[in-house]
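Structure at a glance
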Amino acid sequence: MTPMLDVRSLEQEFAIGGGLFDRLRFERGRVLAPRKIVHAVNGVSFTINRGEVLALVGESGCGKSTVAKTIARIYRPTSGEIRIDGKDVAILGHREMLPVRARMQMIFQDPFASLNPRQKVRDIVAEPLLEQTAGRAARAEVTDRTLALLARVGLNAEHAGRYPHQFSGGQRQRIGIARALSVNPALIIADEPVSALDVSIQAQILNLMMDLKDELGLAYLFISHDLSVVHHIADRVGVMYLGFMVENAPRDALFATPRHPYTRALLSAAPTIREKRDVAEIELSGEVPSALNLPSGCCFRTRCPFAWGRCTAERPTLQAVGDDHTVACHLIDEPERDRT
Amino acid sequence: MTAPLLSVRDLRTHFHTFSGVVKAVNGVSFDIGAGQVMGLVGESGGGKSVVGFSILGLIDPPGRIEGGQILLDGQDLVGAPEEALRRVRGRQISMVFQDPMTSLNPLHTVGRQMDEMLRLHTDLDAPARKAACIEMLESVGISRAAERLGAYPHQFSGGMRQRVVIAIALLAGPRLIIADEPTTALDVTIQSQILKLMRRQIADRGASMILITHDLAVVSEMADHITVLYCGKVVERGLTRDVIGAPAHPYTRGLIDSIPDPRHRQTRLSQIPGTVPDIRNLPVGCSFRERCPRAQALCAQADPPLTAQRASLHAACHFPLTEAEAP
């Protein structure tokens, strides 16, 4: 069966450095205007099946949100394929994307910035639907659908006539979810959907997302930095670092037997109110290097406590270490170097 | 027991807005002994940051401290003249803010901002101040400290900037540090570095800390005591292990249960229903009763006072949870 989403060797670069005059340089008697390139996503591949939840985790700057936005085609990828129901949408134009968007919708992190403050809730929720039907949908039908969606996410008909500022953060995120559901998508891309919310409200939104998944058979690409949330919601977890996928595994395997040193460091750094997991602690020093100048070899070697010569010389590729579990680390070949 | 370093008694800080009086802090009391770390937790709007600002006398109109006492070594800071407060800020009590981007001045070098703290609060001469700054930067883990003094905040990363902010807060040797969400803006591996640094620095200097955060996991790893705020009131306080292990107040319990538990993965998280009520318009009786699974008729009539429960716990609840009901 074709997967819902199949991403292959996705790369996303951004040119920065301002205007021409900011970049002008004179070198050896020549005038140059070099572009600085941020390598945000470097050859990421993964699949999501129907009804499956894949979580992408990693720290800020690891490219997880860029992956989400590129798949949602907010960005045009530098290279690679984004197959939705088997069809590559990586280079489709705006108009050709319209039917694809009926299959795939996005929920954003900031419930304050992602709703138009000048639109009433009913117009916000109906907009994707009207867009899909080029505005030809019958008015009564759209109204019914909007009210049904609001009811489904825990709001009522009275809320439809209000503006976003009249709602709390959790309620706004419900509106965002209703908007995403309006076109009956099969895949929802959720970029940190609960990280702006208080913990008691977080639980409400996570429960709602899980119920909707079971009810409608949705697949999620769930972006988060919070490992306890990821553990709760995900079927599979992909760990990203500096634009690379360093480990990809079913949830239980990843949390029980993390293999990449970065994954292990993330798990041991996460504070918890329960007893620490039974994983040898790895503490990281230093910070993430700049995506302008990627390190040679392994992206993680500058902070890795185990790094040796090979890690500078050769970039590790993802290799299978177990059932559906892949890791990009040279330690897999030379386990005796793991001194924990 | 010796007299506490800081004793907050029935603190009430209100904001007089056009749409009504916001009782952001409404009768909060707690003590902090020397060398203790107290976690002040709660959700947005609970009043936890306002408590911190009140202690430092940083409440601006339309806000006002309406009543209560803030006793530092028995000396009341409420109503103290600005001149006296200035001698307290930085020297006795210093603050670490959430956002290291905005709590440093982008126009001055890090060295100048550190030097200012020593110039105001110590009698050291310029070379001694510089040496103290270098030593402090090194002790918070910034290498090439002498060189870095000449750098501007934008030349540091977020984690490094927060280290600088902590260094400044520690410079004048304060006895109490108020840290308002010090790691919320940071990534988890950096957060763990900064928390370890703060814990070590506090212990080495015998200072006390109020750690203000919404993150129960962070306080449970850092604090000796926890005080839980809801709608401007203390709903529960006690030793960390008692509060986390077997809370008496249903709100604390709800917060703990809302955190996904990797050991028992259920399909649904237990959630606190509803949202925090409008603080200008709190329900009569207990502020939490509309969201509380244990609420009964009594809760709508009388606001429960903070009373001693089992172990070290104090809770403001008519129907507190027993130890047998612990998670």
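Residues numbered from 1 in each chain as written. Chains lettered and ligands numbered in written order. Predicted model: local features only at pLDDT ≥ 70, side-chain atom pairs only at ≥ 80, totals over all residues. Heavy atoms only, no water.

**Regarding the side chain of Glu59 of chain A**
Which entries qualify depends on this criterion: Only DSSP runs of H or I reaching four residues or more are called helices, and only runs of E reaching two or more are called strands; each is numbered from the N terminus. Using a 1.4 Å probe on the protein chains alone, a residue whose accessible area is under 20% of its type maximum counts as buried, one over 50% counts as exposed, and one in between counts as partly exposed. Two N or O atoms count as a polar contact when they lie within 3.5 Å, although within protein this holds only if one can serve as hydrogen donor and the other as acceptor, and sequence-adjacent residues are included solely when both atoms are side-chain atoms. Whether two residues are in contact is decided by their heavy atoms: any pair within 4.5 Å suffices.
Position of Glu59 of chain A among the secondary structure elements: in the loop between strand 5 (53-57) and helix 2 (64-71). On the basis of relative accessible area, Glu59 of chain A is assigned to the buried category, the value being 2%. A distance of 2.9 Å separates the side chain of Glu59 of chain A from the side chain of Tyr262 of chain A, its partner in a polar contact. Sequence-distant contacts of Glu59 of chain A, that is, excluding residues within four places in its chain, are made with Lys64, Tyr262, Leu266, Val288 and Arg303 of chain A together with Asp187, Val188, Thr189 and Ile190 of chain B.

**What to know about the pattern of salt bridges**
Residue and element names in this part refer to chain A. To be explicit about the condition: We define a salt bridge as a side-chain nitrogen of Lys or Arg found within 4 Å of a carboxyl oxygen belonging to Asp or Glu.
Evaluated as defined, the whole model comprises 30 salt bridges over all chains. In this structure, Arg303 and Glu59 form a salt bridge, with 3.6 Å as the shortest nitrogen-oxygen distance. Placement of the pair is Arg303 in the loop between helix 10 (261-269) and helix 11 (309-313) and Glu59 in the loop between strand 5 and helix 2, with a sequence separation of 244 residues. Under the relative-accessibility criterion, Arg303 is labelled buried at 4%. A salt bridge links Asp235 to Lys213; the shortest N-O distance between them is 3.9 Å. Highlighted residues: Asp235 in the loop between helix 8 (227-233) and strand 11 (236-241) and Lys213 in helix 7 (residues 199-216), separated in sequence by 22 residues. Judged by its relative accessible area of 32%, Asp235 falls in the partly exposed class. Look at Lys213 and you get buried, because its relative accessible area is 12%. Within the structure, one salt-bridge network assembled from shared partners comprises Arg310, Glu314, Asp333, Glu334 and Arg337.

**Description of the sheet that holds strand 14 (residues 325-327) of chain A**
All names here are of chain A. The condition that has to hold: Note: two strands are recorded as paired if DSSP finds a minimum of 2 bridges between them. Axis lines are fitted through C-alpha atoms, for helices just across the contact stretch, and the angle between N-to-C directions can take any value from 0 to 180 degrees.
Reading across from one edge, 8-9-10-5-11-12-14-13 is the order of the 8 strands in this open sheet, with mixed pairing throughout. Two strands close off the open sheet at either side, each with one partner strand: strand 8 (104-107) and strand 13 (319-322). Ignoring strand direction, the axes of neighbouring strands in this sheet form an average angle of 20°. Across the sheet, helix 7 touches strand 5, strand 8, strand 9 (187-191) and strand 10 (219-223), and the angle it forms with strand 10 is around 155°.

**Re the environment of Cys311 of chain A**
All names here are of chain A. Position of Cys311 among the secondary structure elements: in helix 11. Residues Cys311 and Ile175 lie 136 residues apart in sequence; the distance between their C-alpha atoms is 47 Å. If sequence neighbours within four positions are ignored, Cys311 has contacts with Ser296, Gly297, Cys298, Arg301 and His330.

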